[in-house]
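If you want the building blocks of each chain, they are given just below.
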Amino acid sequence: MATQKDVQDLLRLLTAGRNKVSMMAAMGRVKSLQAANLRSISQIADSDLPTLTTAISDEKAAKALLSACKATLKPGSSSKRPATESLSSFSKKQKSAYELSNEPQTPAELEASLALPELINDEERLKEAVIYTNRAPLVLAFAMGLLSYTMPEQPLSSKLSLGQAVVSLNSRSKAVSLGLQSGKGADEEGWGKGQPKVRVMGREVSVLKRSGYEWREAPEEKKEQGEEESTQETARASSSAELSKIEGTSGWTVSASVTSKKSTFVARSITVTSPFEARSKLQKLMASNAELREASHNITAWRVSGDHGVIEDSNDDGESSGGRHILGLMQADNIVNVLIVVTRWYGGIMLGPDRWRIMSQVSRDALSQRLRVAGVVGQEALWGLDLEAMRKTDAPVTGGTAGGMPIHQPGSARSYILKAFGSPPPAADSKKKKSGAALDREREENLGLLLGALDLLFSSWADHLSPEELDRRAWSWYVQVRPDVESGVAGWGGKGEVKLIDILNLRRKS
């Protein structure tokens with residue numbers, strides 16, 4: 001049986017170099033090789049060309065693969081990557097399955113490209129293991145281990161993004177407490193207002209729904225699928241009932257007003273199911289509300305489901321690009337069957353780019369109850385929003401799944417965590433120096449050990465605590481095992497030892 005490492009090594013080999021193929025093609029080729037009982041680079045190198053050609057039905061590709069496998073295993077080879085070369089060092093040299101591409105990827109390709117070292121659950125090894133790191137990557141590792149039990153439906157890309165969001169929030173909080181940063185954070189200024197939130201290690205993380213992102217294989221048993229669909233239908237029915245209560249008789253949800261430099265903004269949202277209904281409800285709103293008719297601008301955007309896809313439209317009403325901005329917000333969250341109206345009473349002072357932030361804030365406020373009731377978080381894949389980056393850009397959203405809303409990139413989080421966990425420094429009189437490749441392999445093995453220890457910790461409690469309580473305890477567990485560093489500014493970014501036996505000792509006693 002092929003190990004996860006065997007599969008990873010084969011995918012790396014097939015998606016890199018002169019004869020590389022796409023990730024999807026590589027995954028298909030690996031399955032064909034496994035069917036022929038060729039499950040690792042060494043097994044392929046020991047086979048012959050006719051056997052390999054029969055397995056993948058391509059003689060030219062078979063020759064190239066056989067040569068590559070033999071060259072990879074050749075002792076002292078400097079032109080080819082050794083079979084034991086690390087994920088991180090290889091990704092620096094050339095694009096591979098282990099590097100996020102700028103080109104569009106299928107969900108399966110993206111998840112495969114983010115593969116991490118296999119968890120090591122050998123308790124004897126874990127009890128002896130000591131890693132050397134700073135605190136931030138340990139927070140990321142804890143968050144990822146926790147999410148496997150509190151939000152198991154999330155794919156690896158989402159866990160990396162959400163975990164990095166926790167690191168970012170924690171780092172800013174620490175920087176402010178040390179006097180390294182000052183002022184309000186982006187979340188305090190309202191950049192995430194109206195966005196759904198999830199709690200991870202006690203931190204409220206603003207999230208973006210990855211609508212339609214399906215990375216899982218369809219359930220094999222029809223019964224399970226039927227039960228799942230039944231549960232979803234019940235949830236939808238419940239959501240619709242609650243939503244009707246919130247909307248009341250008028251159907252409109254209204255944001256809190258925001259005033260800046262004498263300009264006041266208010267947003268409204270309502271459910272619509274057709275272009276005619278969107279226009280009709282807008283006309284009725286304006287006809288029944290003299291205050292809105294006297295406003296400087298009533299900026300609108302709506303999206304509805306049609307027979308051949310989504311139908312959408314927007315109107316600036318004199319606020320240049322305002323309608324497109326609101327429509328972009330709706331596109332980014334894949335909000336459909338909703339009309340949004342943002343009203344502005346101009347105060348005589350131009351706001352510049354700040355108007356985009358306020359328009360986003362009131363729009364999200366008007367949508368927030370509707371989004372939460374409709375189950376935006378639910379079982380859907382999520383991105384962790386990078387609110388600080390959103391504030392720095394200070395620009396209108398332009399649409400796309402995440403194109404207009406900065407997210408914490410999973411590829412960056414993966415690269416960070418792969419390089420973060422070294423071994424304690426050798427003694428000063430030690431003459432033996434490890435190569436860069438050896439250090440990379442050591443770091444990745446340490447990551448596998450750390451994730452294995454965390455998995456044993458969380459799994460021991462998962463059946464005895466609610467997800468909320470497990471999340472609440474996770475931070476205190478992290479605090480108990482984090483590396484000791486100097487207090488104050490001197491300890492910022494400082495490294496120290498983490499003994500994995502300390503993590504094991506936090507497990508539930510049977």
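Here's a quick rundown of the structure. (Residues numbered from 1 in each chain as written. Predicted model: local features only at pLDDT ≥ 70, side-chain atom pairs only at ≥ 80, totals over all residues. Heavy atoms only, no water.)

Let us now look at the packing of aromatic side chains. Going through the model one piece at a time under the given rule, you end up with five aromatic pairs. Summarising the aromatic geometry, the rings of Phe 458 and Trp 477 are spaced 5.9 Å apart at their centres and angled 55 degrees between planes, so their arrangement reads as tilted. Linking Phe 458 in helix α18 (residues 436-462) with Trp 477 in helix α19 (residues 467-481), this pair joins segments that are 19 residues apart in sequence. Residue placement shows Arg 355 over the ring face of Trp 356; its charged tip is 4.4 Å from the ring centre. The positively charged end of Arg 473 is found above the aromatic ring belonging to Trp 461, 5.0 Å away from the centroid. (Phe/Tyr/Trp six-rings, centres within 6.5 Å; stacked < 30°, edge-to-face > 60°. Helix = DSSP H or I, 4+ residues; strand = E, 2+ residues; numbered from the N terminus. Lys NZ or Arg CZ within 6 Å of the ring centre and 35° of its normal.)

By secondary structure assignment, the location of Asn 134 is in strand β1 (residues 130-134). Setting aside chain neighbours within four positions, we find Asn 134 in contact with Tyr 416, Pro 483, Gly 493, Gly 494 and Lys 495. (Contact = heavy atoms within 4.5 Å.)

Turning our eyes to something else, we now look at the packing of helix α9 (residues 135-150) against helix α10 (residues 156-177). Relative placement of two packed helices is described by the angle separating their axes and the distance separating the axes. It is the contact of α9 with α10, at a shortest axis distance of 8 Å, that shows an interaxial angle of 135 degrees. If you check the angle between α9 and α10, you find them oblique. Read as a crossing pair, α9 and α10 show a hand that is right-handed. Facing Ala 136, Val 139, Leu 140, Ala 143, Met 144, Leu 147 and Ser 148 of α9, the residues of α10 in contact are Leu 156, Lys 159, Leu 160, Leu 162, Gly 163, Gln 164, Val 166, Val 167 and Asn 170. Of the residues contributing to the contact of α9 with α10, the split by class is eleven nonpolar, four polar and one charged. (Axes fitted to C-alpha atoms, helices over the stretch in contact; angles between N-to-C directions. Parallel < 35°, antiparallel > 145°, perpendicular 65-115°, else oblique. Left-handed = near helix turned anticlockwise from the far one by under 90°. Nonpolar A, V, L, I, M, F, W, Y, C, P; charged D, E, K, R; others polar.)

In space, the three strands of this open sheet follow the order β2-β3-β10, with antiparallel pairing throughout. Looking along the sheet, the strands with just one partner apiece sit at the ends: β2 (197-200) and β10 (382-384). Neighbour to neighbour, the strand axes of the sheet diverge by 50 degrees on average, direction disregarded. Two strands pair when backbone bridges link them, and strand β3 (residues 203-209) and β10 are joined in this way by three bridges, in the antiparallel orientation. Across the sheet, the residue bridging to Leu 208 is Trp 383, located in β10. On top of the sheet, α10 reaches β2, β3 and β10; it is set at about 140 degrees to β3, its chief contact. (Pairing = 2+ DSSP bridges.)

Moving on to the packing of α10 against helix α17 (residues 410-418). Between α10 and α17, the shortest axis-to-axis distance is 8 Å and the interhelical angle comes to 75 degrees. Relative to α17, the element α10 is oriented roughly perpendicular. Every residue of α17 that contacts α10 at Ser 157, Leu 160 and Gln 164 is listed here: Pro 410, Ala 413, Arg 414 and Tyr 416. Looking at the contact of α10 with α17 residue by residue, the class counts come to four nonpolar, two polar and one charged.

Here β2 shows a clear split, with Val 198 and Val 200 buried on one side and none of Lys 197 and Arg 199 buried on the other. Pairing geometry for β2 and β3, over four bridges, is antiparallel. When the sheet's bridge partners are listed, Val 198 is paired in β3 with Val 205. (Buried < 20%, exposed > 50% of the residue type's maximum accessible area, 1.4 Å probe, protein only.)

What follows deals with α10. Over its 22 residues, α10 runs 32 Å from end to end, which matches the ideal 32 Å to within 8%, given 1.5 Å per residue. Directly after α10, the chain includes Gly 179, whose backbone phi takes a positive value near 80 degrees. (Expected span 1.5 Å × (residues − 1).)

What follows deals with the pattern of salt bridges. Applying the stated criterion across every chain yields a total of 13 salt bridges. Between Arg 125 and Glu 445 there is a salt bridge whose closest N-O contact spans 3.1 Å. Of the two residues, Arg 125 sits in helix α8 (residues 123-128) while Glu 445 sits in helix α18, which places them 320 residues apart along the sequence. By relative accessible area, which is 37% here, Arg 125 ends up partly exposed. Members of the salt-bridge network, linked through shared partners, are Glu 319, Arg 344 and Arg 355. (Salt bridge = Lys/Arg side-chain N within 4 Å of Asp/Glu carboxyl O.)

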